[in-house]
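Reading the structure
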Amino acid sequence: MDTLTLDLVISVYSILFGFAGAFFFIAGTIGVLRLPDIFTRLHALTKADNLGLGLILLALLPHAPNLLYGIKLLLLWWLVLLAGATGAHLIAQCALRGNGKDR
């Protein structure tokens, strides 16, 4: 396989995964705006945004200049997954207790 073909395959891979990630980000945003209560909004936001970020990072991985940058991208994804789950859990707990405004 020559370098031109390899560059084309990597570019197509990155474009497809980038558009798929953007689709999930948009779907999560629409879910937050359209769903009726806080629990379904949290579900739409955390699931769709985490998957969207994962797909965007998979699109960026082939363009990482070395292995260290690829590991940093995967670490970033893991940290965002952890923070998103923790934040959603805390918001859901506050909603169940009735803290804040009414549902």
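Structure shown above.
Worth saying up front: this structure is predicted, and the values here are computed from it rather than measured.

**Focus: the overall build of the chain**
Of the regular secondary structure elements, the chain holds three helices and zero strands. Beginning at the N terminus, the succession of helices and strands in the chain can be written as α-α-α. Against the globule reference of 13 Å for 103 residues, the chain gives a C-alpha radius of gyration of 18 Å, more extended than a compact globule. Once the C-alpha set of the chain is aligned to its principal axes, its extents read approximately 60 × 30 × 15 Å. Across the 103 residues of the chain, 20% fall into the buried class. Pairs at least 24 apart in sequence give 69% of the contacts found in the chain among residues at least 6 apart. Just so you have it, the chain exposes about 7,400 Å², and 73% of that area is on carbon and sulfur atoms. The positive charge centre, built from 7 side chains, and the negative charge centre, built from 5, are 16 Å apart in the chain.

**Some points on the packing of aromatic side chains**
All told, the structure shown has two aromatic pairs when counted by the stated rule. A centroid spacing of 4.6 Å and a plane angle of 45° characterise the contact between Tyr13 and Phe17, whose relative ring orientation is tilted. One end of the pair, Tyr13, and the other, Phe17, are both in helix H1 (residues 3-34), four residues apart, so they sit about a helical turn from each other. For Phe17, a relative accessible area of 26% translates into the label partly exposed.

**Considerations on the environment of Asp37**
Note on placement: Asp37 falls in the loop between H1 and helix H2 (38-60). We classify Asp37 as partly exposed; its relative accessible area is 28%.

**A closer look at a nonpolar patch on the surface**
Together, Leu75, Trp78, Leu79 and Leu82 line one region of the surface with nonpolar side chains, adding up to about 410 Å² of accessible area. Topologically, Leu75 is positioned in helix H3 (residues 67-97).

**Focus on the packing of H1 against H2**
Where H1 meets H2, the closest approach of the two axes is 7 Å, and the angle between their N-to-C directions is 165°. Taken together, the axes of H1 and H2 lie roughly antiparallel to each other. Crossing of H1 against H2: the hand is left-handed. Along the contact surface, H1 presents Tyr13, Ser14, Phe17, Gly18, Ala20, Gly21, Ala22, Phe24, Phe25, Gly28, Gly31 and Val32, while H2 presents Arg41, Ala44, Leu45, Ala48, Asp49, Leu51, Gly52, Leu53, Leu55, Ile56, Leu58 and Ala59. Grouping the constituent residues of the contact of H1 with H2 by class yields 16 nonpolar, six polar and two charged.

Analysis parameters
Residues numbered from 1 in each chain as written. Predicted model: local features only at pLDDT ≥ 70, side-chain atom pairs only at ≥ 80, totals over all residues. Heavy atoms only, no water. Helix = DSSP H or I, 4+ residues; strand = E, 2+ residues; numbered from the N terminus. Rg over C-alpha atoms; globule rule 2.2 N^0.38 Å. Buried < 20%, exposed > 50% of the residue type's maximum accessible area, 1.4 Å probe, protein only. Contact = heavy atoms within 4.5 Å. Areas by Shrake-Rupley, 256 points an atom, 1.4 Å probe, with all protein chains shown as cover. Lys, Arg positive; Asp, Glu negative; His and termini not counted. Charge placed at Lys NZ, Arg CZ, Asp CG, Glu CD. Phe/Tyr/Trp six-rings, centres within 6.5 Å; stacked < 30°, edge-to-face > 60°. Patch = residues over 30% accessible without salt bridge, like charges linked within 9 Å, V, L, I, M, F, W, Y side chains within 5 Å. Salt bridge = Lys/Arg side-chain N within 4 Å of Asp/Glu carboxyl O. Axes fitted to C-alpha atoms, helices over the stretch in contact; angles between N-to-C directions. Parallel < 35°, antiparallel > 145°, perpendicular 65-115°, else oblique. Left-handed = near helix turned anticlockwise from the far one by under 90°. Nonpolar A, V, L, I, M, F, W, Y, C, P; charged D, E, K, R; others polar.

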